[in-house]
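Reading the structure
Now for the letters of each chain:
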Amino acid sequence: MSTLQTRLARNTTSRNAAQVVSQGREPLVTVDVTNTPAPTERQSALGHAGPYRPFGALRFGASRDSRGSRPWLTTTAASQLIVAIFMLLATLGCSRWSLPKLNFDEPAEKKPAAGPLQVKVDAHGQPLREGQLTTTAVPELLQRADVLLTDQRRLSLRYEVAQRMDTALEMLRGLTEDQAPLPATKAVAVAYDELLSIPAGNGWTTIVEAAQSRQSSVVAYAKERRDWLDSLRQGAINSLKGDALTRAATQTPGKMLTIDAWQLRGITALVANEPTQAVTAFEQARQIASTLDPYQTVQIGLLLSDALRRAERAAEADQVWQATVSAAGQLVDRAPPVIDPGFWDKASYLRPVSLSWPDDVVARLERRGPFIAADASVKQPPLGPELNRLPGDQEAIVWAWIGASLLERAETQSALVAFKRAESSAQNEALRLSCRLQQAHALARLGQSAAATAQLVTLSGDKQTPIAKASLAALGSLKLHQGDLSAAHRLLTKALDEGTPTMWPDRVQSEADLGLVTIMRGDNAGGLQRLHNAQRQFEAQGDQLSLARSLWNEQKFLEHTGKKDEALAVQQRWKAIESSAHVIR
């Protein structure tokens with residue numbers, strides 16, 4: 001195998017599956033909150049090729065470093081709202097943690113007496129499990145942002161922040177002295193504000209700049225917030241009844257820290273079992289956020305809905321829940337989409353039994369979700385098929401979206417669980433088959449190639465349908481990463497060129513994969529033709545990040561073949577795309 005083939009086919013993976021948390025809903029007994037971050041999953045692959053690209057997932061780009069590898073960030077397993085206190089403290093930082101199950105078989109006389117209230121959080125307000133001091137998600141986001149900032153890859157940085165909005169917000173709310181001066185911190189704040197169109201002077205960029213210059217009001221609020229969280233952790237709820245936190249926040253520039261202060265006051269009230277006061281605080285926070293930050297607005301909306309229900313205001317709670325998930329659905333249609341699987345998990349948990357998912361939300365998730373038509377006669381636009389939904393398919397679509405979001409963030413084990421849950425509730429055949437295809441992608445990422453191959457072979461069959469063709473193409477990309485270029489070329493060619501032309505959402509990505517395989521097999525002209533065709537389609541679809549990645553692959557090929565001038569021209573083109581100020585999708 002040539003040097004270029006070796007580089008293109010390289011597949012190094014460190015697999016540590018995220019822990020799967022059970023889906024129970026137990027009553028609250030203690031407030032001893034714990035958290036352990038999931039182990040890191042890192043995958044390295046060139047361009048689009050191979051099973052570590054999220055096949056047919058959300059169809060938005062994912063950033064890569066200057067060598068073409070994609071370090072996945074560490075995040076924890078899917079959120080499990082098994083107790084009331086989970087909902088309260090999740091917004092202090094991490095949205096995915098759990099409590100130990102209760103043992104109802106234990107005799108009452110052997111149960112320990114109730115001790116003082118203890119809420120275990122770190123200095124950022126991050127809930128902790130026993131023996132765990134920090135979460136690695138924020139440091140890794142900063143590290144990743146630093147790489148992209150150094151390479152002047154603004155577009156990739158925006159996508160990185162968009163798919164980890166919860167981590168970005170966690171960092172910005174609990175900004176520390178060592179994080180504030182970092183250029184990457186400001187880059188994340190700028191990306192956050194740009195993605196949500198937050199007016200200048202009111203966003204997180206202003207707060208970071210103030211923290212960098214050690215502005216007294218921001219320093220004072222940081223100390224007040226730290227003391228507040230310390231008291232909350234120690235169970236000293238009675239000492240948190242005043243307005244010192246919100247008063248300190250109003251002295252800071254902009255409105256972001258004021259939103260944070262009211263939200264913390266609401267959480268504290270719920271911990272103290274004072275839902276009426278919590279409602280007041282959350283309403284204040286949401287009112288301010290609604291004019292500035294749509295992402296924080298929906299986060300606070302779920303808290304408010306829960307607080308209203310605890311205050312026995314069920315009708316109002318239902319209205320807030322509906323408005324919140326509808327607003328969150330609009331974030332999915334942004335460019336790039338705002339990704340937070342934890343939000344949708346919590347929204348599913350808190351969905352009133354009497355309410356269905358709003359039709360506009362289901363339609364948006366359906367368009368952006370990992371769905372492929374089971375019948376070639378079904379219209380298959382670039383963003384997914386027009387599915388004929390059945391009554392039980394709403395929840396399946398939501399959980400398939402959660403799975404695709406988790407897969408995009410490399411929370412692969414949790415993604416597999418989400419796809420299985422979606423499949424179990426789906427009534428539409430296309431939904432079930434699409435979920436099985438996504439399970440195969442997750443299995444491949446987890447290193448279970450045999451299971452993934454068996455699933456893909458079953459789905460591909462010998463039918464000329466979009467799901468069969470997509471499965472065949474995915475199998476070809478899997479073979480590419482395994483180094484079997486002959487099988488990869490045969491399978492991708494069969495999926496793309498043989499039989500009746502069939503469309504599926506990720507077809508262009510598969511054509512880019514085939515271009516790489518063709519080059520690696522020595523047909524340079526044919527491979528470049530495939531790549532250029534894929535690039536034209538990426539450009540026509542407005543998929544700038546996929547276009548930039550494909551151009552990066554072409555540049556590396558041209559450099560390898562000694563065509564330095566052509567390589568430089570291609571490099572200038574993808575760098576221009578990466579440094580663009582706007583995302584067009």
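Going by the structure above, here's the rest.
Residues numbered from 1 in each chain as written. Predicted model: local features only at pLDDT ≥ 70, side-chain atom pairs only at ≥ 80, totals over all residues. Heavy atoms only, no water.

1. Observations regarding the overall build of the chain
Broken down by element type, the chain carries 25 helices and two strands. Burial status across the chain gives 60% buried among its 585 residues. Long-range contacts, defined here as pairs at least 24 residues apart, represent 72% of the contacts in the chain between residues at least 6 apart. In the form shown here, the chain has an accessible surface area of approximately 22,400 Å², with 50% of it arising from carbon and sulfur atoms. (Helix = DSSP H or I, 4+ residues; strand = E, 2+ residues; numbered from the N terminus. Buried < 20%, exposed > 50% of the residue type's maximum accessible area, 1.4 Å probe, protein only. Contact = heavy atoms within 4.5 Å. Areas by Shrake-Rupley, 256 points an atom, 1.4 Å probe, with all protein chains shown as cover.)

2. Quick look at the packing of aromatic side chains
Counted according to the given criterion, the structure contains three aromatic pairs. Ring centres of W321 and W357 lie 5.3 Å apart, and the angle between their planes is 55°; on these two criteria the pair is classed as tilted. Placement of W321 in helix 13 (residues 314–332) and of W357 in the loop between helix 14 (341–350) and helix 15 (359–368) is noted, with a sequence separation of 36 residues between them. Across the pair, W357 and W321 agree in class, each one buried. Seen in terms of ring centroids, F343 and W344 are 5.2 Å apart; in terms of plane orientation they differ by 90°. Their pairing is edge-to-face. Taken together through their ring pairs, the aromatic side chains of W321, F343, W344 and W357 make up a single cluster. (Phe/Tyr/Trp six-rings, centres within 6.5 Å; stacked < 30°, edge-to-face > 60°.)

3. Overview of the pattern of salt bridges
Evaluated as defined, the whole model comprises 27 salt bridges. A salt bridge links R367 to D333; the nearest nitrogen and oxygen atoms lie 3.1 Å apart. Of this pair, R367 sits in helix 15 while D333 is found in the loop between helix 13 and helix 14, placing the two residues 34 residues apart along the sequence. The exposure class assigned to D333 is partly exposed, which follows from its relative accessible area of 32%. Of the charged contacts, one joins E395 and R351 as a salt bridge, the two residues approaching to 3.4 Å between their closest N and O atoms. Here E395 is found in helix 16 (residues 393–408), whereas its partner R351 is found in the loop between helix 14 and helix 15, with 44 residues between them in sequence. Its relative accessible area of 17% is what places E395 among the buried residues. The exposure class assigned to R351 is partly exposed, which follows from its relative accessible area of 26%. (Salt bridge = Lys/Arg side-chain N within 4 Å of Asp/Glu carboxyl O.)

4. Topic: the packing of helix 24 (residues 544–560) against helix 25 (residues 564–578)
Where helix 24 meets helix 25, the closest approach of the two axes is 9 Å, and the angle between their N-to-C directions is 160°. Taken together, the axes of helix 24 and helix 25 are roughly antiparallel relative to one another. Crossing of helix 24 against helix 25: the hand is left-handed. Touching Q544, L545, L547, A548, L551, W552, E554, Q555, L558 and E559 of helix 24 are E566, A567, V570, Q571, R573, W574, I577 and E578, all from helix 25. (Axes fitted to C-alpha atoms, helices over the stretch in contact; angles between N-to-C directions. Parallel < 35°, antiparallel > 145°, perpendicular 65-115°, else oblique. Left-handed = near helix turned anticlockwise from the far one by under 90°.)

5. A few points about helix 15
Those residues of helix 15 that fall on the buried side of the exposure criterion are V361, V362, R364, L365, E366 and R368. For helix 15, the elements touching its buried residues are helix 13, helix 14 and helix 16.

6. Quick notes on the nonpolar core
Counting residues in each nonpolar core, the largest one holds 131 residues, and the members touching the most others are V161, Y192, W204, F282, W344 and W357. Core analysis: the second largest hydrophobic core is formed by 20 residues, Y159, V508, A534 and F538 among them. (Core = buried A, V, L, I, M, F, W, Y, C linked by side-chain atoms within 4.5 Å.)

7. Let's talk about the environment of V362
Inspection of the secondary structure puts V362 in helix 15. A relative accessible area of 0% places V362 in the buried class. Taking the C-alpha atoms as reference, V362 lies 6.3 Å from Q394; in sequence the two are 32 residues apart. If we ignore the near neighbours within four places in the chain, the residues touching V362 are W357, R389, Q394 and I397.

8. Let's talk about the layout of surface pockets
In this structure, the second largest pocket occupies an estimated 390 Å³ of space. Lining the second largest pocket are 21 residues, with L175, T176, E177, A222 and R226 positioned closest to its centre. Of all the secondary structure elements, the ones that give two or more residues to the lining of the second largest pocket are helix 5 (165–173), helix 7 (204–212) and helix 8 (216–234). Broken down by element, the lining of the second largest pocket gets its largest block of residues, eight residues, from helix 8. For the lining of the second largest pocket, the residue count by class is 12 nonpolar, three polar and six charged. (1 Å grid on protein atoms, 1.4 Å probe; cavity = no way out; pocket = protein on both sides within 12 Å on 5 of 7 lines; lining within 4 Å. Points joined across faces, edges and corners; volume = space filled by probe spheres on them. Nonpolar A, V, L, I, M, F, W, Y, C, P; charged D, E, K, R; others polar.)

9. Concerning the packing of helix 8 against helix 10 (residues 256–271)
Between helix 8 and helix 10, whose axes approach to 12 Å, the crossing angle comes to 15°. Overall, the two elements helix 8 and helix 10 adopt an arrangement that is roughly parallel. The crossing of helix 8 and helix 10 is left-handed. Across the interface between the two elements, Y221, R225, W228, L229 and L232 of helix 8 pack against L257, D260, A261, L264, R265, T268 and V271 of helix 10. Looking at side-chain class alone, the contact of helix 8 with helix 10 contains eight nonpolar, one polar and three charged residues.

10. Describing unusual backbone geometry
With an omega of -5°, the peptide bond running from A335 to P336 counts as cis. The topology assignment puts P336 in the loop between helix 13 and helix 14. We note that Q152 has phi near 55°; this positive angle belongs to a residue other than glycine. With respect to the helices and strands, the residue Q152 is situated in the loop between helix 3 (137–150) and helix 4 (154–162). For Q152, a relative accessible area of 63% puts it in the exposed group. Phi is positive for R214, close to 60°, though the residue is something other than glycine.

11. Topic: the environment of W399
Structurally, W399 is set in helix 16. Along the primary structure W399 and F419 are separated by 20 residues, whereas in three dimensions their C-alpha atoms are 6.7 Å apart. Sequence-distant contacts of W399, that is, excluding residues within four places in its chain, are made with D345, S348, A418, R421 and A422.

12. What to know about helix 12 (residues 294–310)
Over its 17 residues, helix 12 extends 24 Å from the first C-alpha to the last, a length consistent with the 24 Å expected when each residue adds 1.5 Å. A large share of helix 12 lies buried, amounting to 14 of its 17 residues. The N-cap of helix 12, judged by a side-chain oxygen 3.0 Å from the amide nitrogen of Y295 a few residues on, is D293. (Expected span 1.5 Å × (residues − 1). Polar contact = N/O pair within 3.5 Å; in protein donor to acceptor, adjacent residues only side chain to side chain.)

13. Here's the deal with the environment of S216
Secondary-structure assignment places S216 in helix 8. A residue is classified by how much of its surface remains accessible, and S216, at 59% relative accessible area, is exposed. Through-space distance from the C-alpha of S216 to that of T252 is 8.6 Å; in sequence the pair is 36 residues apart.

Any functional reading would require information beyond the geometric quantities listed.
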